[in-house]
Amino acid sequence: MKVTDKDVAYVADLANLELSEEERRGMLRDLNSILDYVDLLNELDTSDVLPMAQVSDLYGVDALKEGSERFSYASRADVLEGLRKSLPHEEALANAPDADEDFFRVPKVIER
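Reading the values: the criteria
Residues numbered from 1 in each chain as written. Predicted model: local features only at pLDDT ≥ 70, side-chain atom pairs only at ≥ 80, totals over all residues. Heavy atoms only, no water. Helix = DSSP H or I, 4+ residues; strand = E, 2+ residues; numbered from the N terminus. Buried < 20%, exposed > 50% of the residue type's maximum accessible area, 1.4 Å probe, protein only. Contact = heavy atoms within 4.5 Å. Areas by Shrake-Rupley, 256 points an atom, 1.4 Å probe, with all protein chains shown as cover. Axes fitted to C-alpha atoms, helices over the stretch in contact; angles between N-to-C directions. Parallel < 35°, antiparallel > 145°, perpendicular 65-115°, else oblique. Nonpolar A, V, L, I, M, F, W, Y, C, P; charged D, E, K, R; others polar. Salt bridge = Lys/Arg side-chain N within 4 Å of Asp/Glu carboxyl O.

Examining the overall build of the chain
Regarding its fold elements, the chain presents 3 helices and 0 strands. For the chain, the α and β elements follow one another from N to C terminus as α-α-α. The 112 residues of the chain split such that 7% are buried. By sequence separation, contacts in the chain at least 24 residues apart represent 28% of the contacts at least 6 residues apart. With the model as given, the accessible surface of the chain reaches about 10,900 Å², and the carbon-plus-sulfur share is 55%.

Right, here's the structure in full:
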């Protein structure tokens, strides 16, 4: 599947980007180059390659461990440390220049 100039224009519009004609041509070339490389990678036989949760192991981890044990260093206990009370809702909104009962109101910053 190739990216078309229409696709680039559509995504640029979604991102609210103004691309020159030269930038659009460059983006079109670059995106198609990436897709061509992915197609090239898809030609490789990866049937004997195990899926990975991480691309690298932490140094000193026993490589003979399997599955989630191998990456046990990457998790921690779900403990709330230093828990303190939240600011009361009314107090948080008290000094807001513009607020309703629940939220801060902010000016619109993106215009079309």
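Topic: the side chain of N32
Summarising the element assignment, N32 is placed in helix α2 (residues 21-42). Non-local contacts of N32, meaning those with residues more than four positions away in its chain, are made with K2 and V3.

Quick look at the packing of helix α1 (residues 5-14) against α2
At a minimum axis separation of 10 Å, α1 and α2 run at an interaxial angle of 110°. Comparing the axis directions of α1 and α2 gives the class roughly perpendicular. Taking contact as the criterion, the partners of D5, V8 and A9 in α1 are, on α2, R24, M27, L28 and L31. Here the contact of α1 with α2 is built from residues that sort into 5 nonpolar, no polar and 2 charged.

Quick look at unusual backbone geometry
Positive phi outside glycine occurs at N16, with the angle close to 55°. Here N16 is to be found in the loop between α1 and α2. We classify N16 as partly exposed; its relative accessible area is 41%.

Concerning the pattern of salt bridges
Per the stated rule, a full pass over the model turns up 4 salt bridges. The partner of D36 in a salt bridge is K2, and the shortest N-O contact between them spans 2.7 Å. Here D36, found in helix α2, pairs with K2, found in the segment before α1; they are 34 residues apart in sequence, far enough to count as distant. The exposure class assigned to D36 is partly exposed, which follows from its relative accessible area of 38%.

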